[in-house]
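One letter stands for each residue in the lines below.
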Amino acid sequence: MEKINWSRVLLGGLLAGLVMNTGEFVLNAVLFAKEIEEATRKLGLPAPSGDFIAKAVVMLFIVGIIAVFIYAAIRPRFGAGPKTGLIAGLIVWLLGFAYPALMNTMMGIFPLRLTLIGLAWGFVEVAVATVIGAWLYKDAVALTAAYQEKRA
């Protein structure tokens, strides 16, 4: 069984996190800023503070690392490539995005329309981010083989 290349998981995960953070900024601060402000105001919640935003950014980098870790873990079974990256992204989206978003909607925290748009956006965002992060991932065996091929 292949060993996981942790430095590549970290590198690919940080890239995936950057992609997701960029997507979330566009979604929340540009496209739906007014609707999110209205939804939080109706609940009597303050607008997201700088502290919250900083924590959310860090969390998405962690999600990116987890996504690439899942890719690395399932890669021996499903093979290297974008298809496996999409599978890893789907797992992350279901557990980290879809489930909590739907629970919040069922509790009346966010309107269904906003949730569905966020879920669709998040699906594309996480899938693309995971495939991009997985692109940077190479296991130790592949790196050694590539190095030896260059030397020959």
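Residues numbered from 1 in each chain as written. Predicted model: local features only at pLDDT ≥ 70, side-chain atom pairs only at ≥ 80, totals over all residues. Heavy atoms only, no water.

Participant: Now, about the side chain of Thr130: what can you tell me, with residues and values included?
Facilitator: Note that Thr130 resides in helix H5 (residues 112-136). With a relative accessible area of 0%, Thr130 lands in the buried category. Those residues in contact with Thr130, other than ones at most four positions away along the chain, are Ala16, Ala67, Gly85, Ala88 and Gly89. (Helix = DSSP H or I, 4+ residues; strand = E, 2+ residues; numbered from the N terminus. Buried < 20%, exposed > 50% of the residue type's maximum accessible area, 1.4 Å probe, protein only. Contact = heavy atoms within 4.5 Å.)

Participant: I'd like a description of the nonpolar core, backed by residues and values.
Facilitator: Judged by nonpolar contacts, the single largest core of 21 residues is most densely connected at Met20, Val92, Trp93, Phe97, Val126 and Tyr137. Secondary-structure elements contributing two or more residues to this core are helix H1 (6-31), helix H3 (50-78), helix H4 (82-106) and H5. Ranked by residues supplied to this core, first place goes to H3 with seven residues. Excluding residues that lie within four positions of it along the chain, Phe97 makes contacts with Met20, Glu24, Leu60, Val63, Val92, Leu119, Glu125 and Val126. (Core = buried A, V, L, I, M, F, W, Y, C linked by side-chain atoms within 4.5 Å.)

Participant: How would you summarise the layout of surface pockets if you had to cite specific residues and measurements?
Facilitator: A volume near 1400 Å³ is recorded for the largest pocket. Glu24, Asn28, Ile36, Phe52 and Ala56 are, among the 40 residues lining the largest pocket, the residues nearest its centre. For the lining of the largest pocket, a count of residues per class yields 28 nonpolar, 10 polar and two charged. Volume-wise, the second largest pocket comes out at about 170 Å³. Among the elements of the structure, helix H2 (33-42) and H5 are those that each provide at least two residues to the lining of the second largest pocket. Looking at which element gives the most residues to the lining of the second largest pocket, the answer is H2, with four residues. Partitioning the lining of the second largest pocket into residue classes produces six nonpolar, one polar and four charged. (1 Å grid on protein atoms, 1.4 Å probe; cavity = no way out; pocket = protein on both sides within 12 Å on 5 of 7 lines; lining within 4 Å. Points joined across faces, edges and corners; volume = space filled by probe spheres on them. Nonpolar A, V, L, I, M, F, W, Y, C, P; charged D, E, K, R; others polar.)

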